[in-house]
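Coordinate analysis (summary)
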Amino acid sequence: MMPRTFRLIATSALLTALAVLASASMSAQGKPSGGATPIPQPQAGAVRSAQDWASAPSSERTFKVRLDFNRWHDVAELQADMRTLEKAYPKFLKYRSLGKSYGGRDLALMVVNNPDTGADTTKPAMYIEANIHGNEIQGGEVCLYTIWYLMEHYGRIEAITRLVDERAFYIVPTVNPDGRDFFMRGPGGNARTGHMPVDDDNDYQFDEDGPADLNGNGVIEQIRKYVPGQGTHRRSAADPRSLEPVRPGETGDYILLGQEGVDQDGDGRVGEDGYGSYDPNRNFPADWQPNYVQGGAMDYPFQLPEAKAVNDFLIAHPNVAGLQTYHNSGGMILRSPGAEQTGEYPASDVRVYDEIGKNGERMLPFYRYLVIWSGLYTVHGGVTDWGNDTLGILSFSNELWNGGQYFNSPDLKEQQKDPESPIAPRVANYFFNDHLEFGDQLTEWKPFTHPQYGEVEIGGAFRKTFGRVPPRFMNEELCHRNMAFTLYQADEMPRMSIGEAKVEKIADGIFRVWVDLVNDKVTPTILAKAAANNVVPPDLLTLDGKGVDVLSASWVPNKWRPAVAPMIDQKDLTRIMIRNGQPGRSTRTVQYLVKGAGSITVKYASVKGGTAQKTIALQ
Ligand SMILES: [Ca+2]
Ligand SMILES: [Ca+2]
Ligand SMILES: [Ca+2]
Ligand SMILES: [Ca+2]
Ligand SMILES: [Zn+2]
């Protein structure tokens with residue numbers, strides 16, 4: 001452990017020293033020296049070769065588009081960055097909209113596709129969305145990072161080039177733009193909701209009294225009143241900035257008056273009916289349950305324009321074979337089912353999820369691969385159930401950021417077990433705020449004259465950018481690791497190809513033909529659950545040849561061991577339907593007995609696994 005830690009520190013110290021030297025020489029001269037070699041700039045539209053990597057020092061790789069991944073973007077900024085990327089990479093990127101949010105904002109979509117290798121709809125596609133919960137914002141940056149990374153590394157990194165050539169990507173950085181802007185610009189600290197009005201307190205008025213940022217610092221804080229000797233709370237011994245309840249029989253100096261706001265409708269309650277107040281991720285019709293079973297589900301599935309727009313898009317793009325919906329927080333790689341009553345998925349599907357999820361744990365330190373209902377909580381009508389059960393899409397949901405990452409070394413984890421440590425769980429956030437955020441993430445208690453409570457203090461709250469989102473300086477790592485996981489899933493979407501083909505002449509004009517059908521990826525072309533629910537069209541194996549008749553077709557159990565091959569019992573053997581699709585990482589051999597001459601073309605067409613074909617000479 002020690003030497004390795006030391007080396008890391010030494011390296012970063014060296015880099016810092018070099019940076020200081022560089023900036024010192026810069027300021028001494030006032031401008032870069034005239035003789036400096038200019039950094040080679042790639043030509044617009046050109047795919048850069050390995051050459052310009054080699055000609056630029058590794059820490060100075062030139063990017064065509066520079067974006068910030070150490071801050072949060074409001075909706076307009078996200079969309080502006082998407083437009084910038086589209087403009088820089090017009091061949092590969094198409095900026096689209098899925099439709100409008102309730103508040104009239106575009107649900108902006110980026111289509112990533114290389115048209116030279118086919119239209120996006122002909123390829124297995126990965127759908128990536130984020131921010132369905134308004135306050136869970138950093139998935140938007142992960143999406144932006146993904147578009148940026150794919151484009152900046154196309155032609156530079158072989159695996160990225162191949163991925164962009166083989167797959168299509170549909171990326172929606174926010175599916176709740178109203179909620180995102182409410183979070184970014186307004187006081188929408190904890191609001192998961194979208195902005196369709198809902199009367200939370202049954203007074204026939206909608207959204208009439210939400211929390212209010214009275215002191216205008218962008219944070220919904222606590223209100224407390226100083227009442228010496230008559231209160232229910234006192235300053236905590238662990239950190240005087242936090243309050244703790246007094247023991248029974250004792251009195252404190254403070255009472256808590258709830259969260260920042262005023263009673264705007266005179267009903268004696270504060271903040272009882274803000275924007276919306278529903279859960280946008282409970283509005284999908286897979287195991288949907290009404291409000292009396294699960295609050296926040298709305299009156300019927302797809303009542304929300306955002307959920308409906310997402311679904312309309314997915315229905316129109318049956319080539320989507322993978323789905324990721326980014327949430328925060330907790331550090332989880334989640335899969336459905338969302339509720340125990342749904343029952344576990346078929347074993348062959350679970351094996352696929354397990355393989356990808358467990359490798360995800362290795363790519364995402366502090367994240368655990370879990371099933372939603374057993375590892376998090378019960379969700380009826382969530383988008384991953386809808387994706388898996390009803391659209392036949394392998395669907396994950398990453399809960400971005402784990403609070404354990406604030407103190408992320410094994411030594412510090414050990415130290416946190418000591419309740420007296422300054423980084424013990426109940427004070428750890430204060431330590432982190434003081435020493436790593438320089439106090440910026442916690443608001444101080446300050447006097448305030450409240451129209452209803454009189455002289456009070458407002459403060460004592462961590463900013464909305466603390467806790468559920470990472471510190472800004474850690475966000476690029478979050479973006480990269482989660483993108484890497486999602487690209488790994490994308491790479492493991494089904495990929496059909498025609499393998500070896502063999503022809504044997506049996507008699508004049510009669511041939512036996514063996515053809516290998518290959519899916520070399522982990523995911524099957526049709527999930528077992530989707531096959532059981534009959535929600536994905538069968539794969540189709542066709543044979544075309546001028547004047548060629550198919551006399552019989554069979555599945556070969558084992559191409560290395562001759563045996564009787566069971567006949568395929570379908571009426572038209574030139575169009576064989578394969579209802580259960582092709583399993584992941586498998587080769588199947590089909591054997592035809594054909595009559596004719598010339599050549600045949602065998603084609604395997606799969607809605608989610610792509611299309612492959614081969615022309616075989618009969619000789
Ligand atoms: Ca109301
Ligand atoms: Ca409301
Ligand atoms: Ca405030
Ligand atoms: Ca009220
Ligand atoms: Zn969420």
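Each remark here, short or long, concerns the structure printed above.
Quick caveat, the model's predicted, so the values are computed rather than measured.

A count of helices and strands for the protein gives 14 helices and 22 strands. Out of the 619 residues in the protein, the part that is buried amounts to 49%. Look at the contacts in the protein between residues 6 or more apart in sequence, and 72% of them connect residues 24 or more apart. Total accessible area on the protein is roughly 29,100 Å²; 53% of this is exposed by carbon and sulfur atoms.

Next up on the list: the environment of Ala-490. Following the sequence through the fold, Ala-490 ends up in helix 13 (residues 475-491). Given the relative accessible area of 0%, Ala-490 is considered buried. Spatially, the C-alpha atom of Ala-490 lies 7.7 Å from that of Arg-167, the residues being 323 residues apart in sequence. In this structure, Ala-490 is in contact with Met-126, Leu-163, Arg-167 and Phe-169, ignoring residues within four places of it in sequence.

This brings us to the environment of Lys-502. In this structure, Lys-502 sits in strand 15 (residues 496-507). Lys-502 sits in the partly exposed class, given a relative accessible area of 47%. The sequence separation of Lys-502 and Leu-618 amounts to 116 residues, and the corresponding C-alpha distance is 9.5 Å. Apart from the residues lying within four places of it in its own chain, the contact partners of Lys-502 are Arg-512, Val-513 and Trp-514.

Let's shift gears to the nonpolar core. Membership of the largest hydrophobic core comes to 67 residues, with the highest contact counts inside it found for Leu-85, Leu-93 and Phe-169. It is helix 4 (residues 138-153) that contributes the most residues to this core, 9 residues altogether. Contacts of Leu-85, omitting those with residues within four sequence positions, involve Val-65, Leu-67, Leu-93, Met-110, Leu-144, Ile-147 and Trp-148. Counting residues in hydrophobic clusters, the runner-up holds 29 residues, among them Ala-168, Val-175, Phe-302 and Leu-314.

Viewed as axis vectors pointing N to C, helix 3 (residues 75-88) and helix 6 (residues 177-185) meet at an angle of 115°, and their least axial separation amounts to 9 Å. Of the residues in helix 6, those in contact with Val-75, Ala-76 and Leu-78 of helix 3 are Pro-177, Arg-180, Asp-181 and Arg-185. Of the residues contributing to the contact of helix 3 with helix 6, the split by class is 4 nonpolar, no polar and 3 charged.

Here the focus is the side chain of Ser-242. Within the secondary structure, Ser-242 is located in the loop between strand 6 (233-235) and strand 7 (243-245). The buried category is assigned to Ser-242, whose relative accessible area is 19%. When residues no more than four places from it in sequence are discounted, the contact partners of Ser-242 are Arg-234, Arg-235, Ser-236 and Tyr-430.

Taken as a whole, this structure holds 24 aromatic pairs when the rule is applied. Consider the rings of Tyr-145 and Trp-148, whose centres lie 5.6 Å apart with planes at 45°: the pair is tilted. Linking Tyr-145 with Trp-148, this pair stays in helix 4, spanning 3 residues, or about one helical turn. Among the residues examined, Tyr-145 registers a relative accessible area of 4% and is labelled buried. Ring centres of Phe-407 and Phe-431 lie 6.2 Å apart, and the angle between their planes is 55°; on these two criteria the pair is classed as tilted. Of this pair, Phe-407 sits in the loop between strand 12 (394-400) and helix 11 (410-415) while Phe-431 sits in helix 12 (residues 425-436), and the two are 24 residues apart along the sequence. Linked through ring pairs, Trp-401, Tyr-406, Phe-407, Tyr-430, Phe-431, Phe-432, Phe-462, Phe-466 and Phe-473 together constitute an aromatic cluster. Stacked on the ring of Tyr-95, the Lys or Arg Arg-83 has its end atom at 3.8 Å from the ring centre. One residue, Lys-464, lies across the ring of Phe-183, its end atom 5.3 Å from the ring centre.

Moving on, we come to the pattern of salt bridges. One pass over the full model with this rule turns up 33 salt bridges. One salt bridge connects Lys-91 with Asp-116, and the closest N-O pair in it is separated by 2.6 Å. Of this pair, Lys-91 sits in the loop between helix 3 and strand 1 (93-100) while Asp-116 is found in the loop between strand 2 (106-112) and strand 3 (125-130), placing the two residues 25 residues apart along the sequence. Using a relative accessible area of 60% as the deciding quantity, one classes Asp-116 as exposed. Here Glu-250 makes a salt bridge to Arg-234, at a shortest N to O gap of 3.1 Å.

Another aspect to go through is the coordination of the calcium ion (ligand 4). The calcium ion (ligand 4) binds to the protein through Asp-209 (OD), Asp-263 (OD), Asp-265 (OD), Asp-267 (OD), Arg-269 (O), Glu-272 (OE) and Glu-272 (OE); the donor distances cover 2.2 to 2.5 Å. Each donor residue of the calcium ion (ligand 4) lies on the same chain, and together they follow the pattern D-x53-D-x1-D-x1-D-x1-R-x2-E. Taken as a pair, Asp-209 in the loop between helix 6 and strand 5 (222-231) and Glu-272 in the loop between strand 8 (252-259) and helix 7 (305-316) lie far apart in primary sequence, 63 residues in all.

Each protein donor to the calcium ion (ligand 3) is listed here as Asp-213 (OD), Asn-215 (OD1), Asn-217 (OD1), Val-219 (O), Glu-221 (OE), Glu-260 (OE) and Glu-260 (OE); together their distances run 2.2 to 2.7 Å. Each donor residue of the calcium ion (ligand 3) lies on the same chain, and together they follow the pattern D-x1-N-x1-N-x1-V-x1-E-x38-E.

The next subject is helix 3. Under the 1.5 Å per step criterion, the end-to-end length of helix 3 is 20 Å for 14 residues, consistent within 8% with the ideal 20 Å. Along helix 3, the residues that are buried comprise Val-75, Leu-78, Gln-79, Asp-81, Met-82, Leu-85 and Ala-88. Those residues of helix 3 hidden inside the fold are in contact with strand 1, strand 2, helix 4, strand 4 (168-172) and helix 6. The N-terminus of helix 3 is capped by Asp-74, whose side-chain oxygen sits 3.2 Å from the backbone nitrogen of Ala-76.

One ladder, built from 3 bridges, connects strand 5 with strand 14 (residues 454-459); its direction is antiparallel. The residue of strand 14 that forms the bridge with Ile-223 is Ile-458. Note that strand 13 (residues 446-450) and strand 14 share 5 bridges and pair antiparallel. The residue of strand 14 that forms the bridge with Thr-449 is Glu-455. Once strand 13 ends, the chain turns through 3 residues before running back antiparallel as strand 14.

Turning our attention to helix 5 (residues 158-166). All of the buried residues in helix 5 are Ile-160, Thr-161, Leu-163 and Val-164. Looking straight down helix 5, one finds that the buried residues subtend no more than 165° of arc, so they occupy a single side. Looking at the buried residues of helix 5, the elements they touch are helix 4, strand 4 and helix 13.

A word on the sheet that holds strand 18 (residues 549-556). Here we have 4 strands laid out as an open sheet, ordered 15-16-20-18, and antiparallel in their pairing. Of all the strands in the sheet, just strand 15 and strand 18 have a single pairing partner and so form its edges. Between one strand axis and the next, the sheet turns by 20° as a mean value, whatever way the strands run. As judged from the 10 bridges shared by strand 16 (residues 510-519) and strand 20 (residues 586-595), these two strands associate in the antiparallel manner. Of the residues in strand 20, the one forming a bridge with Val-518 is Thr-587.

Each value, and the rule that gives it
Residues numbered from 1 in each chain as written. Chains lettered and ligands numbered in written order. Predicted model: local features only at pLDDT ≥ 70, side-chain atom pairs only at ≥ 80, totals over all residues. Heavy atoms only, no water. Helix = DSSP H or I, 4+ residues; strand = E, 2+ residues; numbered from the N terminus. Buried < 20%, exposed > 50% of the residue type's maximum accessible area, 1.4 Å probe, protein only. Contact = heavy atoms within 4.5 Å. Areas by Shrake-Rupley, 256 points an atom, 1.4 Å probe, with all protein chains shown as cover. Core = buried A, V, L, I, M, F, W, Y, C linked by side-chain atoms within 4.5 Å. Axes fitted to C-alpha atoms, helices over the stretch in contact; angles between N-to-C directions. Nonpolar A, V, L, I, M, F, W, Y, C, P; charged D, E, K, R; others polar. Phe/Tyr/Trp six-rings, centres within 6.5 Å; stacked < 30°, edge-to-face > 60°. Lys NZ or Arg CZ within 6 Å of the ring centre and 35° of its normal. Salt bridge = Lys/Arg side-chain N within 4 Å of Asp/Glu carboxyl O. Donors = N, O, S within 2.8 Å, 3.2 Å for Na, K, Ca; no water. Expected span 1.5 Å × (residues − 1). Polar contact = N/O pair within 3.5 Å; in protein donor to acceptor, adjacent residues only side chain to side chain. Pairing = 2+ DSSP bridges. Arc of directions from axis to C-beta.

Remember, this is a structural readout, not a statement about activity or role.
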